Amino acid sequence: DAKTTQPNSMESNEEEPVHLPCNHSTISGTDYIHWYRQLPSQGPEYVIHGLTSNVNNRMASLAIAEDRKSSTLILHRATLRDAAVYYCILRDVGDSNYQLIWGAGTKLIIKP
Amino acid sequence: NAGVTQTPKFQVLKTGQSMTLQCAQDMNHEYMSWYRQDPGMGLRLIHYSVGAGITDQGEVPNGYNVSRSTTEDFPLRLLSAAPSQTSVYFCASSYWTGGPGANVLTFGAGSRLTVL
């Protein structure tokens, strides 16, 4: 699986939108972009995933660049409960080797 | 649905002791896996299984053993604990069959292990 690059940390104000970037310049055509988040002292939880088109769900939106070399996770109105480490991961749906490469992620700090 | 259940939540071992971390899921997922997470780092895959009776090694398998006798359970055994195995361990499961949704992982709450 290809690697991703994320900022170590970001700060945002409560009730404002947050844009979390992810670079994946070596992405292949069959790599899906997955986002997970990990709240303090909890296991990671799935947020969203997509291939080429932008995706929305109840938690967030995923904006994917036209060349697919980068993507942005958008939290439309951050709350204090969104403070977590956010991981951007590439996953080849046809890959029988389940060795997901987890980086250190982006620590999102929400200021009240 | 309980999801993925891990026990124990906390464990302290002495060097050389053995123990088993339990993981159970009630979602009928074919795929199960064990990860470890060290402070400030992402997760690293220890072992995984794509179905009952099938297991394989991940990135950091040394010192750990797994088996998969049922779809629901995937225990992780530490054969002879070492201080380097002090970590937080997470179990995860998902559907294995093809399609983008099959790769969405559901994680347990974690087991914090300290080896003295």
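What counts and what doesn't
Residues numbered from 1 in each chain as written. Chains lettered and ligands numbered in written order. Predicted model: local features only at pLDDT ≥ 70, side-chain atom pairs only at ≥ 80, totals over all residues. Heavy atoms only, no water. 1 Å grid on protein atoms, 1.4 Å probe; cavity = no way out; pocket = protein on both sides within 12 Å on 5 of 7 lines; lining within 4 Å. Points joined across faces, edges and corners; volume = space filled by probe spheres on them. Helix = DSSP H or I, 4+ residues; strand = E, 2+ residues; numbered from the N terminus. Nonpolar A, V, L, I, M, F, W, Y, C, P; charged D, E, K, R; others polar. Pairing = 2+ DSSP bridges.

Participant: I would appreciate a short explanation of the layout of surface pockets in the present structure.
Facilitator: Once rolled over the atoms, a probe with the size of a water molecule shows which space is left empty. Here the largest pocket is characterised by a volume of approximately 660 Å³. If you go around the largest pocket, you meet 29 residues; those closest to its centre are Gln 38 and Ser 41 of chain A together with Gln 37, Val 88 and Arg 112 of chain B. Within the residue set of the lining of the largest pocket, elements represented by two or more residues are strand E8 (84-92) and strand E9 (106-111) of chain A together with strand E9 (87-94) and strand E11 (111-115) of chain B. If one sorts the elements of the lining of the largest pocket by residue count, E11 of chain B sits on top with four residues. Taken together, the residues that form the lining of the largest pocket break down as 15 nonpolar, 10 polar and four charged. By volume, the second largest pocket amounts to about 230 Å³. Residue lining of the second largest pocket: 13 residues in total, with Arg 37, Arg 58, Met 59, Ala 60 and Asp 82 of chain A positioned closest to the centre. It is strand E4 (residues 45-50) of chain A that provides the largest number of residues to the lining of the second largest pocket, a total of three residues. Grouping the constituent residues of the lining of the second largest pocket by class yields six nonpolar, two polar and five charged.

Participant: Would you mind going over the pairing of strand E6 (residues 54-57) of chain B with me for this structure?
Facilitator: Sheet faces and side chains relate simply in a regular strand, where the side chains alternate between the two faces. Residue and element names in this part refer to chain B. Note: strand E5 (residues 43-51) against E6, three bridges, orientation antiparallel. Looking across to E6, one finds that Gly 51 is bridged to Ile 54. Hairpin remark: E5 followed by E6, antiparallel, with two residues in the connecting loop; positive phi at Gly 53, about 85°.

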